[in-house]
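The residues making up each chain are set out below.
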Amino acid sequence: MSQYRTGGKLSSFNAAEDRDALQNYVESAEHGRYPRTLLIGLGGTGAKALQHLRRMKIERFGTVDLPGVAYLSMDTDLQSARPEATKEQSPYEDLVSFDETQRINLSANLNAVLENMARHPHIKEWWDDSALDSKRNFDLGKGAGQIRPLSRLVFFQNRELIQSALERSWSDITAQNLDDGRIQKGKVRIVVVAGLAGGTGSGMFLDLAALIRSSFSGRDFELDGMFVLPGVYKGADTKYPKLAANGYAALREINHYQSHRFQAQWDHQASADVAPLYNRTVLISGTNALSESMSDPADAYRVIGEQLFLDFGGGRMKSWVEGVRVNREQYLTSFVGYDYVVEGPDGKPRETHAEQYKTAFVSFGLSKLVYPSWRLLNYAKFDLAAEMVRLLDPGHGGQLGDVITSWRTRFMVEAGFYQGTLVDEDGSRSRVYQVRDALAQQKGTRTSASTIFEHIQELGDELNALSEEMFHEKSTEEMAKEHFRHVRKLFGDPYSAGNEGDWALQISKNRESYVRKVREVLPDVVENFRRRRGVGITGVREILTSILEELERPWDKALFIDWLRHMRTEKQRDAEEAKTEWERLLRNTHQASKGLLPSGDNHRAALEMASQAFVRHWRARVTEYICAEGVDALEAIRRVIRDQLTRIDAIVAHMQELEGWYGKFRDHFAEPVSSTLFIEVPMRHDLKTLLEPYLGTDAAQRREALELLLGRALRRMKLDTLTDLESQLSGERDRFRDKLASEAFFALKGDETGRTAAFVNEDSEPQPGFLERYSLLAALEQMPYEDVTGLLKQLYDKGLPWIEPTPKDPTGGATLEPVADAFLGISNLEGRFVEQLFSTFKGLQPHKLPFRPQKVGTNDPSELVFFTEWSAFAAYFIGEVHGAGGLEAHYERLLYDPVRPSALHIHTDFHTFQDMVPMEEQEVRWTERAWKLFHQAQMLGLICSRRRRHGDDERVSFTRRRRSTALDVAWEELGVEATVLRNLSSDRAFIQALTADIERRIQDLMDAGGDHADLVCLADYWTTCVYPVVNISEQSGASVVKAAGSLENLAISEIRKEWLRKAAAEGTTPEQLLARRVQRMGELAKWTQPIHKASGLPVPSSPDVPDELRVDEWELLPTVRGQIEHLTRSGELRESRDELGRLTLRFPRLAVRWSAFKPPQDVPEFQESAQSYWYAGPQGKEQGLSAAQILTRVQQAPKARHRIFATGWPGWKDANELETVREGLASAPDAPPDDGPSFHYAVDGARKGQLSAQEIADLASAAPGSAHKVWTKNFGRTWKTVEQVEEITSLMGPPPLGDEPPPLDEEEPPPLD
Amino acid sequence: MLKTLHKAAWLLPALFFSMPAWAQEATEAACVEGECCPPNTSQQIFIGVGTLFTGIVALFLLPRIIERAAINKGRSPLSARHTGISLAILLANLGLVGMTYAVTNCFPAKLLIWVGVVGALWLIHGVYALVATRN
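What counts, and where the lines are drawn
Residues numbered from 1 in each chain as written. Chains lettered and ligands numbered in written order. Predicted model: local features only at pLDDT ≥ 70, side-chain atom pairs only at ≥ 80, totals over all residues. Heavy atoms only, no water. Pairing = 2+ DSSP bridges. Helix = DSSP H or I, 4+ residues; strand = E, 2+ residues; numbered from the N terminus. Contact = heavy atoms within 4.5 Å. Axes fitted to C-alpha atoms, helices over the stretch in contact; angles between N-to-C directions. Salt bridge = Lys/Arg side-chain N within 4 Å of Asp/Glu carboxyl O. Buried < 20%, exposed > 50% of the residue type's maximum accessible area, 1.4 Å probe, protein only. Buried area = accessible area lost by both parts, 1.4 Å probe. Polar contact = N/O pair within 3.5 Å; in protein donor to acceptor, adjacent residues only side chain to side chain. Nonpolar A, V, L, I, M, F, W, Y, C, P; charged D, E, K, R; others polar. Right-handed = clockwise from strand over helix to strand, strands pointing away.

### Here we look at the sheet that holds strand β35 (residues 1213–1214) of chain A
Strands belonging to one sheet form pairs held by backbone hydrogen bonds; the direction of such a pair is parallel or antiparallel.
Residues and elements named next belong to chain A.
Phase 1 of the analysis: One open sheet accounts for four strands, arranged β33-β32-β34-β35; its pairing is antiparallel. Two strands bound the open sheet, and with one partner strand each, they are β33 (1180–1185) and β35.
Phase 2 of the analysis: In this sheet, β35 lies alongside strand β34 (residues 1203–1205) in antiparallel orientation, the contact comprising two bridges. Along β35, the bridge assignment pairs Ile1204 with Lys1213.
Phase 3 of the analysis: Here helix α38 (residues 1187–1196) sits on the sheet and contacts β32 (1173–1177), β33 and β34; the angle it forms with β33, its principal contact strand, is near 150 degrees.

### Observations concerning the pattern of salt bridges
Residues and elements named next belong to chain A.
Phase 1 of the analysis: Under the defined criterion, the tally for this structure stands at 81 salt bridges over all chains.
Phase 2 of the analysis: Here Arg1153 makes a salt bridge to Glu1132, at a shortest N to O gap of 2.8 Å. Here Arg1153, found in the loop between β31 (1150–1152) and β32, pairs with Glu1132, found in the loop between α37 (1117–1129) and β28 (1136–1137); they are 21 residues apart in sequence, far enough to count as distant.
Phase 3 of the analysis: Of the residues examined, Arg1153 reaches a relative accessible area of 13% and is grouped as buried.
Phase 4 of the analysis: Residue Glu1132 is classed as buried on the basis of its relative accessible area of 19%.
Phase 5 of the analysis: One network of salt bridges, in which partners are shared, links Arg189, Glu222, Asp224, Arg280, Asp311, Lys318, Glu322, Arg325 and Glu869.

### Structural notes on unusual backbone geometry
Phase 1 of the analysis: In this structure, Pro276(A) follows Ala275(A) across a cis peptide bond, with omega equal to -5 degrees.
Phase 2 of the analysis: Counting through the fold element by element, Pro276(A) comes out in the loop between β8 (271–274) and β9 (280–284).
Phase 3 of the analysis: Within the chain, Ser291(A) stands out as a residue other than glycine whose phi angle is a positive 65 degrees.
Phase 4 of the analysis: You can see Ser291(A) is positioned in the loop between β9 and α9 (297–310).
Phase 5 of the analysis: Its identity is not glycine, yet Asn105(B) carries a phi of approximately 60 degrees, on the positive side.
Phase 6 of the analysis: Locating Asn105(B) in the fold gives a position in the loop between α4 (77–104) and α5 (109–132).
Phase 7 of the analysis: A relative accessible area of 59% means that Asn105(B) is categorised as exposed.

### Regarding the environment of Ala118(A)
Phase 1 of the analysis: Relative to the elements of secondary structure, Ala118(A) occurs in the loop between α4 (110–114) and α5 (121–124).
Phase 2 of the analysis: It is 9.9 Å that separates the C-alpha atoms of Ala118(A) and Gly951(A), two residues lying 833 residues apart in sequence.

### Comments concerning the interface of chain B and chain A
One widely used convention gives an interface's size as the accessible area the parts lose upon coming together.
Phase 1 of the analysis: With 18 residues of chain B at the interface, the matching set in chain A holds 16 residues.
Phase 2 of the analysis: In this assembly, chain B packs against chain A so that about 1300 Å² is buried in total across both faces, 53% of it on carbon and sulfur atoms.
Phase 3 of the analysis: Counting across the chain B and chain A interface gives zero salt bridges.
Phase 4 of the analysis: Taken together, the links from chain B to chain A amount to 13 residue pairs in polar contact (both at pLDDT 80 or more).
Phase 5 of the analysis: If you list the elements that add at least two residues to the side of chain B that touches chain A, you get α3 (41–73), α4 and α5 of chain B.
Phase 6 of the analysis: Considering every element that reaches the side of chain B that touches chain A, the biggest residue donor is α3(B), with seven residues.
Phase 7 of the analysis: Of the residues that constitute the side of chain B that touches chain A, the class distribution is seven nonpolar, six polar and five charged.

### Digging into the sheet that holds strand β39 (residues 1280–1281) of chain A
Residue and element names in this part refer to chain A.
Phase 1 of the analysis: With respect to topology, four strands assemble into an open sheet ordered β37-β36-β38-β39, the strand pairing being antiparallel. Where the open sheet ends on each side, the last strands, each with one partner, are β37 (1246–1252) and β39.
Phase 2 of the analysis: Relative to β39, strand β38 (residues 1268–1271) runs antiparallel, the two being bridged by two bridges. If you follow Val1270 over to β39, its bridge partner there is Lys1280.
Phase 3 of the analysis: Packed on one face of the sheet, helix α40 (residues 1253–1262) meets β36 (1238–1243), β37 and β38 and runs near 130 degrees to β37.

### Here we look at the environment of Ala1094(A)
Phase 1 of the analysis: Tracing the backbone through its elements, the reader meets Ala1094(A) in the loop between β26 (1088–1090) and β27 (1101–1103).
Phase 2 of the analysis: Taking relative accessible area as the criterion, Ala1094(A) reaches 27% and is therefore assigned partly exposed.

### Looking at the pairing of strand β2 (residues 34–42) of chain A
All names here are of chain A.
Phase 1 of the analysis: Buried residues dominate β2, accounting for nine of its nine residues.
Phase 2 of the analysis: Where β2 and strand β5 (residues 183–195) come together, eight bridges link them in parallel fashion. The residue of β5 that forms the bridge with Pro35 is Gln184.
Phase 3 of the analysis: Relative to strand β3 (residues 69–75), β2 runs parallel, the two sharing six bridges. Bridging across to β3, Ile40 finds its partner in Leu72.
Phase 4 of the analysis: Viewed along the sheet, the connection from β2 through helix α2 (residues 43–61) into β3 turns out right-handed.

Take a look at the structure:
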């Protein structure tokens, strides 16, 4: 008896036990900790969902970065890295965007692969040629265009890049210190978020999971997938049919790989063979359990982001949600399977199990009723941050005139380059020459003079001291001049390189060290002045600007550059004068020592006079040079000031930018969130007064509170100086911005108790934090209760899992009921109002749904969170899949489109994937019948295999040998196995014809000397070798081994049983049958042959199953293996080799070898007839078609070109020449003319004017050697060849046919050129 | 000439001693009333010593003072010094005349000789100074 049955733990689900287990998990959970998490967003959907999570983190934690959490977004659409690609992006959106390390922009050189497919066998193996069709110049930068195989191709080409990004992300999160109080020990959680409807996400999500599994093999992690189904986009996207078809294909694949291994060969070295792909597969559809629709795709991103965010939230809500995730995982391997009983070789019944439909899927719902405290908090946060920035720069926008007057001179004095009058605090005035004095410094000499001027004075004194000696020796002039020369040597020629004296060198050195010192000290002075009240950064900037102006002022107004230049000229003159004086006085002195009655005293006095001139001269000389160097020094100082100014300008600009940013951030939070899932209750507070409770209303009070906050913030950030600030702003500007905002955030939010002491002194009482001040419950209590009830109803309805269960159970009641969990998160679990709310909420539960909410504590008083989860359902449980407008309908329509079938799957052998929806009882019967007919037709040689595509010896399609007349046989192309079965399930005429053919062939066999015993022997082979029943271990429990068969096995068993019955009716006893089996199996190679149409063509085959895996032992198996080897040796069957090149045994499907039987006299054996035609039309080439079939194809595409050929004809003819076709077309109703769009047409460079697509197609087909080009305004400035224009190629049909007749070998196609 | 020398010889002590009584007596004895009596020996000594003293003191002071003044003014100290010497000689001459008159209440004829001698000395110095300060 065949039926659906359940298996796995879910079938023995006990709600009470399960609740206890969940409770225990929550009790033992580490609250407030989250697992190390790698979040991967695939495609646009993944990116947007993760961006919402990042947005949540900023809103709730003040920062997007959490330790132990890494992001990775990958997409072909370059725009999806940013949330608002089309609009001007706000800085806030910038913050939410992924940075370079978190983002992989996937690109690929498609042509390089597609044009050299022979060099990429690992891609050719799965690539579907119809995926890109004529779109070879596809622009990947805008996404994968909803083409799933293309997305997979991109994955293949970027596999190494993705793998290295995965490794990097893994290193990032595992490098985190596990002692961090927030990180949970244990497994790393990897979450892949993707949309199943588009191209990128749905084309890569399987390979990505396999890559993660193989890359992180041996590491401790769990892999969850969160996937958005097409229903989310139903109302928002005009391309919904394609999205729906993609979604179904993706769903079918992930469903298939829940019970099959995923194998991929990414390149010559990298491959994967893994199962399962995802530990949890979470699905979000566009309709929820209560048939509520998602009005906006953004809600899907939001709900995923919110759900992921729950992991990082504190409180028990997170533990409950995590508990559900952990505890329900055991049910995900449960299944609904198809069981049937067949007769084993020993004649005893065996229970066998066909396809399993795993309950591997999960869905959830999440809705919130919020008072916009977080939004307001973020609004206020950025407002406060902007105020702090303004405080950092109090001079900005203030009265700076006084600041400059008051502080400019003092600034220059502190910086060490002031020259002029200085008024001390006591009002006394003094002249200061800091530049000159600095340059006149003298160090390291043997004299005690600290300046050059003192040294000159010393030398003057030395000269005086020589007076007596000069007087006595009457050598005044000589000695004085000698002394002068000595001094001149000390000075040298400062303007002649290499001839400078010690003093000149000293002055130059002084200048360098002086400028260096000013440069060093200036930042400190700037810092010192910045801190002064009312100055700030802008004040310092103004001071510096004013100093620069001061340095430029003329010599009679200020003692700086121009003055020094002026002084230089003066000192040159002074020096000359003093020298003249010196010489004169020296002469006098000399005279004083000579002549009658000379006086030593007078000589000394004269010498003193001369020495004063001497000193004056040298002072003037030195001063002149100091002035020259002073100009250079001040020029250098001016540059230093300009540098400072530039630096401060940059800081000021950064600050202004920062203030602007904060303003924009703040504005982002001014508008309420528009979502039906996250309901904001009306706000009672004015945005402009949000900070008043913390800062006060009085300006001085505000300032004091802000200074307190800012001071603490900067200390925490270790930003004590402007230099620190500058390095932060220039190097890590965004970091500073975030940190400052974060300081504001936590100052407003308060600590764990909900109170904040950030705005008051340490000895003052903390204030209520923002969330405590603006709570949801307080707002609800203020509202009329009817309104509250309405809000709660919306909360319940929108919070249910985003899967609508199918109203129809195809398994006839065997489908397992998913586990339903529901939690209402509320910050305050006690109190009358809370009880009233909860009671109302529980009362909202519809009877038909199992979601009974449980009250759970949260830390957030601003919201009520309703979280529900439906765990462990099969893919077919999803209502969106079924019905006329369901995913399956769109999928079937596009995949099997007769004109242009879509490439929806990631593998060209998509028909081998397990069906996603179990067949209903009636369908099972139809399919079983289809299999039976298909099996019998193959065994009797009515259906043969052939190559599915040129050059591919692996894949087969099937062709039917059909008797077209009493004497003629024609070949009819049937397509791949799935297509044959589809037709055999639904095409009544086909079924009847094939049934009749089978009966006739069996009769032929009987007439030729065969009997049913032969057929039983053949069925034995098929049952045991082609479709064996094997033992497998259930994934849900390794100890459970069961027999896994298939519907194919069931069908062949039924055939065998029927033939056994007929054999018995013919009088064959069991003993005879046994003997016959032994005999016929021993000569299997003689009386059977592979089902291929011609020798050398591929034959479907099954691998030899090891004996230990077989359910039934069969003593004839070694004999059969020997016969198959014989067939291989004879060349009738292709050799089969494994990956290492070793010969392996595969059991081919075998048919009766008619030549081994005596043919009936009255029937010519399969004579080829002229009524079988070669055909070439828009869908490619076929052979063996009847005139009626050709008529069908012509009717399907009447505008296209249809050519036929038959044996004996001189060449190809138009299909219309067939009378059947002509008559058929004449009887068809007239269709409105449709020649397609029109184009400007040129052939071989000559323009021919505007023609219809059909006309151009005809012309192009008629003259294939010419260059046919077309243009329409959509092409821009480029003419395209007709082959590039789909509207024309679709009308052209196959390439033109030559005059040469086809070869007689019916396997090979006729020559095309 | 011998007499002149003789007189000069007794004049020399006058530079060092005040006029003793005995000397004054001798002079008075030689003088005819109503005429300008030449100084007696003691007076001569007194006049000579006084003149000499004046000259020496002036010679030691004036050149230096005037030289210092010139130095302070930046002028030639050598010229100033010779100017001082010149002035000192002149002053000595003036002192000779003055003391002679004080002693004799008249100007004896012999005084002219002595004034001439000092004047000659002044001239000689003047010539010397012109030569010495020429450069």
